[in-house]
Amino acid sequence: MMWYVVTMAVLAVVTVFCLIRSIRSKREIAPYVTNLLIWLFIPIISNTILAVSTGADVLRFCYTVYFISTTVLLYYFAQFSLEYCNFRIRHPAIGYFMTSIMGLDVVSVALNYLWGHVFTLEYVTTAEESGYVFQSLWYHKIHLLISAALWMIAVVAFSLKTIKTSKLYRDRYITILSVFLLTSLWQVFHIVSNEKIDQSIIGMCVMGVFIYIYAIEYQPQALMEEMKKTVLATISDGILFFDEERNCIYTNAAAQFQLGLGTNETSAGFEKLLALTGEDREDSANYQSKILNCTKVEDGEEYIYDIEFHKLHDLQGKLIGSFAKITDNTERTKRENLNRFLATHDKLTGIYNTDRLYDSIRETLQANPDKEFLVLASDIKEFKLVNDRYGKEFADKLLIRIADLLKEKAVSATTRYGRLGSDKFGVLIEKDNYDEETFIAAMRDVPNVGRNLVIPIIMHVGAYEIEDKSMPVSAMFDRAFIAIAGVKHDAELKVAHYEENSRDALLWDQKITEQLDNAILTGQIVPYLQAQVSRDGKVVGAEVLVRWIHPDEGFMPPGKFLGILEKNGMIGKIDQYIWECACRILRRWSFEGRNDLYLSVNISPKDFYMMDVPEVIIGLADKYELDRKRLRLEITESIMMDDIDEKLKTIDRLRDAGFIVEMDDFGSGYSSLNMLKDMPVDVLKLDMIFLKDTAKNERTKKIMSLIIDLAKSLDVPVIAEGVETIDQVDFLVKMGCDYFQGYYFARPVSLDEYEKKNLSVS
Ligand code: C2E
Ligand code: MG
Ligand code: MG
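Residues numbered from 1 in each chain as written. Chains lettered and ligands numbered in written order. Predicted model: local features only at pLDDT ≥ 70, side-chain atom pairs only at ≥ 80, totals over all residues. Heavy atoms only, no water.

Enquirer: Before we go on, may I ask you to explain the packing of aromatic side chains in this structure?
Expert: Any two aromatic rings considered together are summarised by their centre-to-centre distance and by the angle between their planes. Per the stated rule, a full pass over the model turns up 35 aromatic pairs. Between the aromatic rings of F210 and Y214, the centroid separation amounts to 6.4 Å while the plane-to-plane angle is 15°, which identifies the pairing as stacked. Linking F210 with Y214, this pair stays in helix α8 (residues 200-217), spanning four residues, or about one helical turn. Centroid distance F242 to F270: 5.2 Å. Interplanar angle 85°. Geometry classified as edge-to-face. (Phe/Tyr/Trp six-rings, centres within 6.5 Å; stacked < 30°, edge-to-face > 60°. Helix = DSSP H or I, 4+ residues; strand = E, 2+ residues; numbered from the N terminus.)

Right, here's the structure in full:
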């Protein structure tokens, strides 16, 4: 019996060791193993005491504890089996049922003390020995049945799992199942043989140890090997292993592809790697670890690789070999390049965006302290109009054209260019490389878009010669744009150079804009009248011309402020005011019986964008109860630059309402004889430019006479502007001109003066 006690003691120690490790383990299964081992420990103890005890009370107690603990042990074993084999009890009823059966059995066995229905101890005396012998009673069979049921749960769970699982995992289940079955057989043998001591508890302990090993300690080597193999074979990084002589002993599929190695050419791995990196064999022997970037071009495709190389050492620090990892960064690099490109380039044109242009200009200026530079900024005149009229697609094409031109022409090493937003582009150019003629010639090419445009596309360029290279680049471009602001109204391609007074011009713009409202309210804006005279020298009416009598600046002709107001859209305000002044004058004249005189007012092309001109003018004429024929309206042909149909309708509305519409400045701008045919006007005002020319130019004379003839044939009277000399009057009379306006007859004068001097001319 001694051997048994010793064996049990050893097993108890082993079980306690496993128990402690299991309690400390972080694995999910660990609590199940812990429960199981605790309840394994109790039968070991009770069984050992059974082996050495003879007293009835001790034996009864130990048998009771033994039966109870084996039920609980089997219960926890069943639970462990379900968890370990991944059969989670989905229905809580199954769990409650198992727990109830186990609980009932435990209580029943304990009640043996009262009811004596599980077992009894009989004192037997034989020839060799005497003592208490275990006698099984009816409940003992039920206890065995309950144990068998719990046993079955474990066996079924393990058996199913063994069948279902991959063969890589099978040993985890089959070993425990085998030990369990052997132990069970041993137990059956014990029950049948009616031995006092249940030696199968040894089997139980062995099983406990196996359970602990598999559930807590087990590292499935074969599985890990298999996984390592699969991972190496499938990862996108190339992996190569080398022995201490740098002979290649392993390459994965990715490395074979990257290095162009056949499956059987592993041994050439190191040479191929050197060829890819361009490293020297001897040099490469010296480094412990190294990261290299390299590029490979194959079939026109570029591949970008990062190569990591590491030497490996054993615990004693002796070299055992090395490995290389090749990461394919082609896609990532492409993506990064694209993102970098998008962050620094303009999406539409593909040239630098503002931020990048500023940076590169700054870098270029710093790198070339001895050179002189200019910044140029470009702007398309009335780009919004171009956009509205021809559509976004056309406008975009135009911008791309400008960018392409810059790419093509701006080839010097220090030239920088980019798009500054909407229709604005910026260039940095070395003064020595800048030739304005060539530049203008290149820019002149921009509007050649392969079709005739009603709205001409006019580029304005501002140039600023950099004096202080430390000035912010944005301030340099501000100056270039100030230069542009000065030529904004010019109808032709211009390069304007920044001068300090360009800034003054900008300040002037601001001043005019801010002061206009107050100027109207306080009567600084006044109408001046310039008489218009018929062939017989009789004053027939007057043109109303605006003047600003400024408290600081004094008398201001319209040239000083109208352009600014046209640019910022405030022209409508001043025009309406002058129209109303004209209406008021006409009304007063009418009261005074001077119904023979008309007044003609100017309508700016911009007014048509700002308001419904006919509605406003009709409203004013009605307000002052005018004879509409006495308010003449001067419009210039430039209003026909866009929305021609709409404009024609507007002119018709004015004429239908009874106003006389005059075409002002004919011959000054985009005039064509065609325009005369199309525009439904009542009077033609010949621009003074003709008169300036006629003095020296016979051709002009001829053209003028042609225009006058044409107008006559259309029944349109002609009035000549800017008549300054008697010769001009004679010439115009001869040509058949009907009316005259000019300094020869009268200068524009205040209303008072006009009324005093010019109501009749003899
Ligand atoms: P415009 O309508 O062609 O007006 C005629 C301009 O020629 C006036 O200049 C007038 O003073 C000037 N002029 C008249 N006779 C002679 C001459 O014999 N020799 C010379 N050298 N010049 C002569 P002003 O008043 O400076 O006006 C310039 C332009 O400003 C006008 O040209 C007109 O387009 C515009 N303007 C004037 N007042 C108004 C207004 O109230 N509203 C609008 N929208 N434009 C106006
Ligand atoms: Mg006029
Ligand atoms: Mg005019």
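Enquirer: When you look at the coordination of the magnesium ion (ligand 2) in this model, what are you seeing that I'm missing?
Expert: Octahedral metals with six donors have ideal donor angles of 90 or 180 degrees. Tetrahedral metals with four donors have an ideal donor angle of 109.5 degrees. Protein coordination at the magnesium ion (ligand 2): the donors are E543 (OE), N602 (OD1), E634 (OE) and D664 (OD), at 1.9 to 2.2 Å from the metal. A spacing of 3.9 Å is found between the magnesium ion (ligand 2) and the magnesium ion (ligand 3), which share D664 as a donor. Linking E634 in strand β17 (residues 631-636) with D664 in strand β18 (residues 660-666), this pair joins segments that are 30 residues apart in sequence. For the pair E634 and D664, a shared accessibility class is recorded, and that class is buried. (Donors = N, O, S within 2.8 Å, 3.2 Å for Na, K, Ca; no water. Buried < 20%, exposed > 50% of the residue type's maximum accessible area, 1.4 Å probe, protein only.)

Enquirer: Mind showing me how you'd approach the site of ligand 1 here?
Expert: Taken together, 22 residues lie around ligand 1, and E543, D575, D664, E724 and Y743 are the ones closest in. One nitrogen or oxygen atom from the side chain of E543 is found 2.8 Å from an oxygen atom belonging to ligand 1. Measuring from a nitrogen atom of ligand 1, one finds a side-chain N or O atom of D575 at 2.6 Å. At four residues, the largest contribution of residues to the shell around ligand 1 is made by strand β14 (residues 539-550). Considering only residue class, the shell around ligand 1 consists of nine nonpolar, five polar and eight charged. (Near = heavy atom within 4 Å. Polar contact = N/O pair within 3.5 Å; in protein donor to acceptor, adjacent residues only side chain to side chain. Nonpolar A, V, L, I, M, F, W, Y, C, P; charged D, E, K, R; others polar.)

Enquirer: Where do I start with the pattern of salt bridges in this structure?
Expert: Side chains carrying opposite charge are able to pair once their charged atoms draw close together. Under the defined criterion, the tally for this structure stands at 36 salt bridges. Among the salt bridges present, the one from E382 reaches K606, with a minimum N-O distance of 3.7 Å. Here the residue E382 occupies a position in the loop between β8 (373-380) and α15 (383-390), and K606 occupies one in the loop between β16 (598-602) and α22 (607-610), the gap between them amounting to 224 residues. Given the relative accessible area of 23%, K606 is considered partly exposed. (Salt bridge = Lys/Arg side-chain N within 4 Å of Asp/Glu carboxyl O.)

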